[in-house]
Amino acid sequence: MALLQISEPGMSTAPHQRRLAAGIDLGTTNSLVATVRSGVAETLPDEQGRHLLPSVVHYAADGTVTVGFDALARATEDPLNTIASVKRLMGRSVADLKTLAGHLPYEFVPGEGGVPRIRTAAGEVTPVEVSAEILKALKARAEASLGGELSGVVITVPAYFDEAQRQATKDAATLAGLNVFRLLNEPTAAAVAYGLDQGGEGVIAVYDLGGGTFDISILRLHRGVFEVLSTGGDSALGGDDFDRAIAEWVLEQAGVEDTGDHRLMRRIMRDARAAKEALSEAERTTIAVELPDGRRWQGELDRATFEARVAPLVDSTVRACRRALRDAGVKPEEVQAVVMVGGSTRVPLVRERVGRFFGREPLVSIDPDRVVAIGAALQADVLAGNKPDDEMLLLDVIPLSLGIETMGGLVEKIIPRNTTIPVARAQEFTTFKDGQTAMAIHVVQGERELVSDCRSLARFELRGIPPMVAGAARIRVTFQVDADGLLNVSAEETTSGVQASVTVKPSYGLSDEEIERMLVASMTHAEEDKRLRSLREEQVEAERELEAIDAALAADGDELLSAEEKAEILRRRAALAAARRGDDPDAIRAAIAALEQAAEPYVARRMNRSIQQAMAGHRIEEFENE
Amino acid sequence: MPIDFTAHYFDLFSLPVSFDIDAQQLAERYRRLLSEVHPDRFASADAQSRRLSVQASAQINQAYETLRDPLKRGFYLLELAGMDVAPGSETTADAEFLMEQMELRERLEALAGEDDPLAAADALREELTAAREALFDRFRAHYAAGELAAARDDLTRLQFYERMAAQLDDIEARLEDELL
């Protein structure tokens, strides 16, 4: 009888297997994947030994999709079908893109729900689908390198990413077939890479100067807990601006007006970049340029001249650091570590000015291009359960206030920015008409007072409100933000206890149906694959449930459960184990639900008990200290 | 089913019900609790535990935010004592207080025109801090004496000063950006 074989007290199901996990830095310009092997976190190279994967996707007319260097190589000849910097488009509406579109050569077509679609030779694609291609390439790289399927990943996002941008990132991961353990803020990942969570205490500044973006984040670390105190930066400032400063100097020296000659500018920008990189080591470097009139100009750029040119840019990043410190309520001398991220932090002037402002040498020993991915890999390893004794807990805050639209297009804030997540807030609403059975709620994110100045996240429709006179119904809407910063809404009419159903219409995210459709569309034998995929997903979930309940029962089943309760749980556990061996996803789902229902009070009791134990442990500790 | 947290926030952190609390102790217990239930502890767990963990963490975060902020803590104490404390529901009809508010607002707006705006901002901040401390002392006394309506009035006035202080921060930030 299967029941007896598997439920012997104190027996765990199987020896703990190391789960494969990876950290992914999904960057604007480049992406990386890293993993922990033999206790060391390292980024994984492709077959040619290259660690960076350019975040570029090319769509050919025959439907072929290429990612990375091969796609990048086509950017010049086929710009309309080569999508770069897609991160800037994640979670953005068609309207948002008008401000960005000047820099982007793509043709946009408005899609359903305001999600922009990019027209390519292979058909229309959404930014989520483009990102999913990058993630698929990284997944394939990791699985080939590790020799097995990833149990889950940690994907990094900028600390200031709003709900729509985080949701879009998670959707892309779903589409790529990845299980996301957690979306982790990039600065937190960088701090983890330096092991600042290991026993350290204090305030950490993470200075991230990439190719086209600058971010400064102030974190506080206390007993292994990271809190993001504030973030700041400039989404249009980066190493490219340094290159431009050199290019402008070259044009001046060569006596050339900015002719609008794009090919010439691209060449000069490329040389400028090489010169910038050379000046990180050397004191001077030579630049030679072919001019349109056939002349050849050659000049020498020394570091002092370069620094004079870029100093205003570097100073503006320092001003942003000052603002971020002020927002965090921290003085420069309180900062105990400064982490440098992004290739542009190799510029000596950047290190010097940042070091001077914070009054300490910045940390630069880990490759600034890889540091975020390495931190993500360390966290993924913990979340996969490979380091059960690790106490590290990474806490994040919600970067922008969540609110709802009220009369007159005004915003009422429900969850203010910088609130630690997970968080839940309830708000009561009432009806304004007799017999009203439905109401619409518009959720926005941002700090401004007018709805039109904030980012529209979603519209909810509450249905099934029992008919009453106007103002009598009390509809309690709960907004819950999880550890990834993603929003969930539920509603209940409190006088009658009726659960109002909530229909989410993301303002420009994708609905679950759309994602499901994309998943299906991306497969050749759609129906069969969909069923297989669904079966696989349910089996994985069933394994998790079985493992969890076995571990729990072994730990405290006899203490926390009556004999009848335990017997019932074991009965349903056996039913789930049987269903899992079958091939019917619906049967597995039903068996999971049945087990969850029986185990619900038990799971709650266990969590309450661990809370009580945490407090009890505290009292003993304090007693000992006295 | 939400996790059973019928215990009030002070109990949750094993702290006495009081306006004066040990901030460090609170922070430490908060972190201890959260590290037990945080979703990261359940990343590879079953869906049910993951859901419950989000709810429990949200509850603990809510409790912590309430207790660590003196103003929110004050309102929460009144709530526990059975007072109706719908936020911002009342305005104090005290003419003297209204005059003072107007005068402070005018000074705030005039800051940018001062000879040394940053020094003027510092002076104003000191005044605000002193006024807030005095009000917290009054709240303590009123609360201890069971004069809850008066205690609520103190908190309502404090709300005004907190808003002023926030506005002052914004103005000072702008001034600093212009001068530096």
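Look above for the structure.
Just so you know, these numbers come straight off a predicted model, no measurement behind them.

Trainee: What's the story with the overall build of chain A in this structure? I'm lost.
Mentor: Scanning chain A from N- to C-terminus turns up 15 helices and 29 strands. Per-residue burial over chain A gives 51% buried out of 626 residues. Looking at chain A alone, contacts between residues at least 24 apart form 65% of all its contacts between residues at least 6 apart.

Trainee: Quick question: what am I supposed to make of the overall build of chain B here?
Mentor: Looking only at helices and strands, chain B features 7 helices and 0 strands. If you list the helices and strands of chain B from N to C, you get α-α-α-α-α-α-α. For a compact globule of 180 residues, the expected C-alpha radius of gyration is about 16 Å, and chain B comes in at 20 Å, more than 25% above that figure. A principal-axis box enclosing the C-alpha atoms of chain B has dimensions of 65 × 45 × 25 Å. By residue count, 47% of the 180 residues in chain B fall in the buried class. Partitioning the contacts of chain B with sequence separation of at least 6, the portion at a separation of at least 24 is 66%. Entry remark: accessible area of chain B is about 8,900 Å², with carbon and sulfur atoms responsible for 50%. Of note, chain B has its 19 positive side-chain charges centred 8 Å away from the centre of its 37 negative side-chain charges.

Trainee: Looking at this structure, I do not really get the environment of Asp556 of chain A. What am I missing?
Mentor: All names here are of chain A. Along the chain, Asp556 turns up in helix 13 (residues 526–560). Note on Asp556: relative accessible area 6%, which makes it buried. A polar atom in the side chain of Asp556 sits 3.0 Å from the side chain of Arg606.

Trainee: Is there a simple way to explain the sheet that holds strand 9 (residues 116–120) of chain A in this structure?
Mentor: Backbone-to-backbone hydrogen bonds join strands into a sheet, with any given pair of strands oriented parallel or antiparallel. Residue and element names in this part refer to chain A. Strand order across the open sheet formed by 3 strands is 8-9-10, with antiparallel pairing between neighbours. The open sheet has two edge strands with one neighbour each: strand 8 (107–110) and strand 10 (123–125). Neighbouring strand axes in the sheet, compared pairwise and without regard to direction, differ in orientation by 40 degrees on average. With 4 bridges connecting them, strand 8 and strand 9 associate as antiparallel partners. Within the sheet, the bridge partner assigned to Phe108 lies in strand 9 and is Ile118.

Trainee: What's the story with the pairing of strand 17 (residues 296–302) of chain A in this structure? I'm lost.
Mentor: Looking along a regular strand, one sees the side chains alternate between the two faces of the sheet. By the alternation rule, side chains of strand 17 of chain A split into Trp297, Gly299 and Leu301 of chain A, which are all buried, and Arg296, Gln298, Glu300 and Asp302 of chain A, of which none is buried. Remark: 5 residues form the turn of the hairpin made by strand 16 (residues 284–290) of chain A and strand 17 of chain A, two consecutive strands paired antiparallel; Gly294 of chain A in that turn has positive phi of roughly 90 degrees.

Trainee: Before we go on, may I ask you to explain the sheet that holds strand 5 (residues 56–59) of chain A in this structure?
Mentor: Residue and element names in this part refer to chain A. The strand order across the open sheet built from 3 strands is 6-5-7, with neighbouring strands paired in antiparallel fashion. The open sheet is flanked by strand 6 (65–67) and strand 7 (82–84), the only strands paired with a single partner. Taking the axes of each pair of neighbouring strands and ignoring which way they run, one obtains an average angle of 20 degrees across the sheet. As paired elements, strand 5 and strand 6 share 3 bridges and run antiparallel to each other.

Trainee: Explain a negative patch on the surface here, please?
Mentor: Residue and element names in this part refer to chain B. Side chains of Glu96, Glu100, Glu103, Glu106 and Glu109 sit close together on the surface and give a patch of like negative charge. Note that Glu96 resides in helix 5 (residues 95–110). Looking at Glu96, the relative accessible area reads 65%, which means it is exposed.

Trainee: Sorry, what's going on with the pattern of salt bridges here?
Mentor: Pairing is possible between side chains of opposite charge, provided their charged atoms come close. Residue and element names in this part refer to chain A. On inspection of all chains with the given rule, the structure shows 48 salt bridges over all chains. For Glu538, the salt bridge is made with Arg589, and the minimal N-O distance between the two is 2.9 Å. With Glu538 in helix 13 and Arg589 in helix 15 (residues 585–625), the pair connects residues that are 51 residues apart, well separated along the chain. Residue classification places Arg589 among the partly exposed positions, given a relative accessible area of 41%. Between Arg589 and Asp586 there is a salt bridge; the shortest N-O distance is 3.1 Å. Of this pair, Arg589 and Asp586 both sit in helix 15, separated by 3 residues, roughly a single helical turn. Overall, Asp586 belongs to the partly exposed group, its relative accessible area being 48%.

Trainee: Whenever I open this one, the packing of helix 7 (residues 239–254) of chain A against helix 9 (residues 303–328) of chain A confuses me. Can you help?
Mentor: Each pair of packed helices can be summarised by the angle the axes make with each other and by the distance between the axes. Residues and elements named next belong to chain A. With their axes 10 Å apart at the nearest point, helix 7 and helix 9 run at an angle of 135 degrees to one another. Here helix 7 is positioned oblique relative to helix 9, judged by the angle of their axes. Between helix 7 and helix 9 lies a crossing whose hand is right-handed. Of the residues in helix 9, those in contact with Asp241, Phe242, Ala245, Ile246, Trp249 and Glu252 of helix 7 are Thr305, Phe306, Arg309, Val310, Leu313 and Val314. When the residues that make up the contact of helix 7 with helix 9 are grouped by side-chain class, the tally is 8 nonpolar, 1 polar and 3 charged.

Trainee: How do you make sense of a positive patch on the surface when you look at a structure like this?
Mentor: Together, Arg263, Arg266, Arg267 and Arg270 of chain A make up a positively charged patch on the protein surface. We classify Arg267 of chain A as partly exposed; its relative accessible area is 32%.

Trainee: Explanation requested: the environment of Ala440 of chain A in the structure shown.
Mentor: All names here are of chain A. Note that Ala440 resides in strand 25 (residues 439–445). Along the sequence, Ala440 and Glu405 sit 35 residues apart, while their C-alpha atoms lie 9.9 Å from each other. Apart from the residues lying within four places of it in its own chain, the contact partners of Ala440 are Phe460 and Glu461.

Trainee: I keep staring at unusual backbone geometry and nothing clicks. Help me out?
Mentor: Phi is mostly negative for residues that are not glycine, and the peptide bonds are mostly trans. Here Ile421 of chain A and Pro422 of chain A are connected by a cis peptide whose omega angle stands at 0 degrees. Checked against the element boundaries, Pro422 of chain A lands in the loop between strand 23 (420–421) and strand 24 (423–429). Although it is not a glycine, Ser38 of chain A adopts a positive phi angle of roughly 50 degrees. Residue placement: Ser38 of chain A occurs in the loop between strand 2 (30–37) and strand 3 (40–43). Owing to a relative accessible area of 77%, Ser38 of chain A belongs among the exposed residues under this scheme. In this model, Ser14 of chain B sits at a positive phi of 55 degrees, which is unusual for a non-glycine residue. Among the secondary structure elements, Ser14 of chain B is positioned in the loop between helix 1 (9–12) and helix 2 (23–37).

Cut-offs and rules
Residues numbered from 1 in each chain as written. Chains lettered and ligands numbered in written order. Predicted model: local features only at pLDDT ≥ 70, side-chain atom pairs only at ≥ 80, totals over all residues. Heavy atoms only, no water. Helix = DSSP H or I, 4+ residues; strand = E, 2+ residues; numbered from the N terminus. Buried < 20%, exposed > 50% of the residue type's maximum accessible area, 1.4 Å probe, protein only. Contact = heavy atoms within 4.5 Å. Rg over C-alpha atoms; globule rule 2.2 N^0.38 Å. Areas by Shrake-Rupley, 256 points an atom, 1.4 Å probe, with all protein chains shown as cover. Lys, Arg positive; Asp, Glu negative; His and termini not counted. Charge placed at Lys NZ, Arg CZ, Asp CG, Glu CD. Polar contact = N/O pair within 3.5 Å; in protein donor to acceptor, adjacent residues only side chain to side chain. Pairing = 2+ DSSP bridges. Axes fitted to C-alpha atoms, helices over the stretch in contact; angles between N-to-C directions. Patch = residues over 30% accessible without salt bridge, like charges linked within 9 Å, V, L, I, M, F, W, Y side chains within 5 Å. Salt bridge = Lys/Arg side-chain N within 4 Å of Asp/Glu carboxyl O. Parallel < 35°, antiparallel > 145°, perpendicular 65-115°, else oblique. Left-handed = near helix turned anticlockwise from the far one by under 90°. Nonpolar A, V, L, I, M, F, W, Y, C, P; charged D, E, K, R; others polar.

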